[in-house]
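# Coordinate inspection notes
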Amino acid sequence: MESFIEIMKNKKIVSASAPGKLMLFGEHSVVYGHPCIVTAVDQRLTVNIHENGEDVFTLEAPDLQLHAYAKTMEDLGKKPLPKGVRFIEILYKNFLKKHPQERGIHVTTRNEFNHTFGFGSSSAVTVAFAKALTTLYDITLTNKDLFDLCYEAVIEVQGVGSGFDIAAAIWGGTIFYVPAAEEVIQLNVEELPLVVGYTGIKADTPTIVRMVASLKNREPDKVEQIFENITVIVKKAQQAFIDDDKQFLGNLASNNQDLLRELGVSTKELDNLIKASEQAGSYGAKLSGAGGGDCMIAFSNGNKSNIEKAIDDAGGKVLHIKTNAPGVRIESSNK
Ligand code: PMV
């Protein structure tokens, strides 16, 4: 048996980071197998891991308000399971079933995400952790295998979700995505001319996804028709990205927004910010993500500052983020 000191001397330390995401086109219909377009954003979440030489899983995640968290290996996945550790712990438990290990690991996380509004920190932490873990044990996975490992954990934790956020965290850039990563096409776009406005209202994505599901139960034909129409927009947007036609992308965003309104997921606050951006000369705007609050995006005509001011004056908060960020990557590994 190695001593603790020997273990620490020889230990392999791996650090991996993954980006957050911003939905551009196709939210909600993507939950039912239709395509969407999503971009990775420049807020990253970093996970460091190393073996701790004990039969225990330990975690230090100050940004997730978790200090000195510890679980024995046999209790992994059992309650209590605080919010900040759920995705990591479930993924680790599933990983160990396939790749049993003698020793536990110590995990630390560092979050660059905006405190007001986190662009998908759960998917980013899951992906960064999965990449660090598989690297620690020299397991080489394709992006699709990494996706499957992460998606399994996310579905086990939250029950619903298309996996678009996991794909954005893995592949990065701006992608055309069909669930569950059946198709992932990189759209080779430059930095997108987007203005992002936050309504100040935090929405709960699973609740809104369930709301749409119940509308679909009550009015299946109507909702399926809306999804078909959104899909036409997503495919046109894919081409517009390739053609770099910003004006057409703006028009498509407005059309997508009309359909999201019909689904009942927009709000007065989102509509106000969208209207303000359009009056300030944006090519078009829509909500981004589940709706019910959170963010809107406007395709700028080049004059971003006018649109930003209009969003600000209408009571929104402009979030300065860069799109098209790189996907998951190893930041350092000492072996
Ligand atoms: O609220 P967000 O940014 O996590 O986006 C949710 C997008 C949905 O299509 C509504 C749900 C999903 O999992 O695709």
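Scroll up to find the structure.
Residues numbered from 1 in each chain as written. Predicted model: local features only at pLDDT ≥ 70, side-chain atom pairs only at ≥ 80, totals over all residues. Heavy atoms only, no water.

Right, let's talk about the packing of helix α4 (residues 143-158) against helix α5 (residues 164-171) for a bit. For any two helices packed against each other, one specifies the crossing angle of their axes together with the interaxial distance. Packing of α4 against α5 leaves a shortest axis separation of 10 Å and a crossing angle of 145°. Between α4 and α5 lies a crossing of right-handed hand. Across the interface between the two elements, Asn-143, Lys-144, Leu-146, Phe-147, Cys-150, Tyr-151 and Val-154 from α4 touch Ile-166, Ala-167, Ile-170 and Trp-171 from α5. Among the residues forming the contact of α4 with α5, the class breakdown is nine nonpolar, one polar and one charged. (Axes fitted to C-alpha atoms, helices over the stretch in contact; angles between N-to-C directions. Helix = DSSP H or I, 4+ residues; strand = E, 2+ residues; numbered from the N terminus. Left-handed = near helix turned anticlockwise from the far one by under 90°. Contact = heavy atoms within 4.5 Å. Nonpolar A, V, L, I, M, F, W, Y, C, P; charged D, E, K, R; others polar.)

Let's shift gears to unusual backbone geometry. Each neighbour pair has its own omega, and for Lys-79 with Pro-80 the value is 0°, a cis peptide bond. Across the junction of Pro-179 and Ala-180, the peptide omega takes the value -20°, indicating a cis bond. If you trace the backbone, Ala-180 turns up in the loop between β6 (174-178) and β7 (183-186). A positive phi angle is found at Asp-244, which is not glycine, with a value near 55°. The residue Asp-244 is located in the loop between α7 (220-243) and α8 (246-263) in this model. Here Asp-294, not a glycine, exhibits a phi torsion of approximately 55°, which is positive. Secondary-structure assignment places Asp-294 in the loop between β9 (284-288) and β10 (295-299).

Let us now look at the nonpolar core. Counting residues in each nonpolar core, the largest one holds 111 residues, and the members touching the most others are Phe-25, Phe-57, Phe-129 and Phe-241. With sequence-adjacent residues up to four places away left out, Phe-129 is seen in contact with Val-47, Ile-49, Ile-88, Leu-91, Tyr-92, Ile-105 and Val-107. (Core = buried A, V, L, I, M, F, W, Y, C linked by side-chain atoms within 4.5 Å. Buried < 20%, exposed > 50% of the residue type's maximum accessible area, 1.4 Å probe, protein only.)

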